[in-house]
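Structural overview for review
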Amino acid sequence: MNDRLRRLGDRHLKTVLRHGRDRLWLMKQQAQWSWRHWQASWKQRQSLPLWVYISVAGNMLLLIFVVQLLARQQGLNRTVALMQTTPASTHSSFTSPSEPDLGPTHRLTYEQWVELLAKEAEVAAVQQPERLTVLLGDSISLWFPNDLLSTNRTWLNQGISGENSTGLLRRLNLLDQTSPDTIFLMIGINDLLRGDSDDIILSNHRQIISYLQTVHPSTQIVVQSILPHSAEAATWEGRDRLLAIPNQRIVDLNQELEAIATESGVDFLNLYPLFTDDRGNLPMSLSTDGLHLNRQGYTVWRSGLQLYFQEIASPQG
């Protein structure tokens, strides 16, 4: 298992270091220049000023520190988190920035994301952590900040940026060997953005719920409502596509999803009212661009999850 995690970390480290290669290259060049200058001066038996030695040592130490920091914080924390057992450390996801399109991990292809999530699910299947809680969804779930998730659960974040209900349905088998206590599902906004009909979204939800109930009969399944967008106030790059989706359509779709959840015997968590202003739109104070959430938005979502755990799922949640 340690070898597998190490190989996963090595592959992901290559992606991480690419993000900081310019900064590291400049630091390396500065260090090399100082070293060559020192060597030339030494050969000529010339005395050097103290700042040269300080520059060489400082740059070399800084270079080593930055490489190690990037590797530790960006490359391995998502999978290794599942290996930790202390309550304050039982989270599994990338360190989530406040802006959803920051960081090299956002440039992974869909296939690379699926491969990464499969490895994480494999770790969860082997370790069988207590109170495993899964987030299934798209980028809105993906970027949920670790420190805002409940600390007395082990979280497995299975969100992928740009995911739709059809893609999610196809990769549910990644969780087959895991034993989740609870699975939270939020999917559908990308279906709407790419022009899929409500019928497709609803049909896929039925199939997702049915699959999860069959493979995980003891798991609490929670269908979450699709969130609104900020309409004309949105600044997201696909703003025109957002404006083509009235928030009232999302309201109607959520009512259908609630009916499906009730018929299927699973819970429905209606987060929509928590994310609307007096016009029924997502307030920009809760969003980075009118579609994705900022930290304040995730804090609101956390409140909804806490309410669910306290009043519906478990008094100890």
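Here the structure is shown first, and the text comes after it.
**Here we look at the sheet that holds strand S5 (residues 267–269)**
- Within the open sheet, the 5 strands sit side by side as S2-S1-S3-S4-S5. Their pairing is parallel. The sheet terminates laterally at strand S2 (154–159) and S5, the two strands that pair on one side only. Strand after strand, the sheet turns through a mean of 20 degrees between neighbouring axes, direction not considered.
- Where strand S1 (residues 132–137) lies against strand S3 (residues 182–186), 5 bridges are found, and the strand directions are parallel. Bridged to Gly 137 within S3 is Met 186.
- Contacting S1, S3 and strand S4 (220–224), helix H8 (residues 198–215) runs over the sheet at an angle of about 165 degrees to S4.
- Of the strands in this sheet, S4 and S5 touch helix H10 (residues 247–264), which is tilted by about 155 degrees from S5.

**Concerning the packing of aromatic side chains**
- Enumeration over the complete set of coordinates arrives at 8 aromatic pairs.
- Judged by centre distance (5.1 Å) and plane angle (55 degrees), the ring pair of Phe 144 and Tyr 298 falls under tilted. With Phe 144 in the loop between helix H5 (139–142) and S2 and Tyr 298 in helix H11 (residues 295–313), this pair connects stretches of sequence that are 154 residues apart.
- Using a relative accessible area of 0% as the deciding quantity, one classes Phe 144 as buried.
- Taking the centre distance of 6.5 Å and the plane angle of 70 degrees together, the rings of Trp 155 and Phe 309 count as edge-to-face. Taken together, the residues span a long stretch of sequence, with Trp 155 in strand S2 and Phe 309 in helix H11 at a distance of 154 residues. Residues Trp 155 and Phe 309 agree in their burial class; the two are buried.

**Some details on H8**
- With 18 residues, H8 extends 26 Å from end C-alpha to end C-alpha; this agrees with the ideal 26 Å at 1.5 Å per step.
- Within H8, burial applies to Ile 201, Leu 202, Asn 204, His 205, Ile 208, Ile 209 and Leu 212. An end-on view of H8 places all buried positions within 160 degrees of arc, on one side of the element. Set apart from the buried face of H8 by more than 90 degrees, the exposed residues are Asp 199 and Thr 214.
- Elements in contact with the buried residues of H8: S1, helix H6 (165–170), S3, helix H7 (189–193), S4 and H10.

**A look at the environment of Leu 142**
- Residue position: Leu 142 is located in helix H5.
- Classification of Leu 142 by relative accessible area gives buried; the value is 2%.

**As for the side chain of Thr 133**
- Summarising the element assignment, Thr 133 is placed in strand S1.
- In this structure the side chain of Thr 133 is engaged in a polar contact, spanning 3.0 Å, whose partner is the side chain of Arg 153.
- In this structure, Thr 133 is in contact with Arg 153, Thr 154, Trp 155, Leu 156, Thr 182 and Phe 184, ignoring residues within four places of it in sequence.

**Digging into the pattern of salt bridges**
- All told, the structure shown has 5 salt bridges when counted by the stated rule.
- Of the charged contacts in the structure, one is a salt bridge between Asp 147 and Arg 295, with a shortest N-O distance of 2.3 Å. With Asp 147 in the loop between H5 and S2 and Arg 295 in helix H11, this pair connects stretches of sequence that are 148 residues apart.
- When the shortest N-O distance is used, the salt bridge between Asp 198 and Arg 249 registers 2.7 Å. Of this pair, Asp 198 sits in helix H8 while Arg 249 sits in helix H10, and the two are 51 residues apart along the sequence.

Reading the values: rules and limits
Residues numbered from 1 in each chain as written. Predicted model: local features only at pLDDT ≥ 70, side-chain atom pairs only at ≥ 80, totals over all residues. Heavy atoms only, no water. Pairing = 2+ DSSP bridges. Helix = DSSP H or I, 4+ residues; strand = E, 2+ residues; numbered from the N terminus. Axes fitted to C-alpha atoms, helices over the stretch in contact; angles between N-to-C directions. Contact = heavy atoms within 4.5 Å. Phe/Tyr/Trp six-rings, centres within 6.5 Å; stacked < 30°, edge-to-face > 60°. Buried < 20%, exposed > 50% of the residue type's maximum accessible area, 1.4 Å probe, protein only. Expected span 1.5 Å × (residues − 1). Arc of directions from axis to C-beta. Polar contact = N/O pair within 3.5 Å; in protein donor to acceptor, adjacent residues only side chain to side chain. Salt bridge = Lys/Arg side-chain N within 4 Å of Asp/Glu carboxyl O.

Keep in mind that these numbers describe shape and distance, not what the molecule does.
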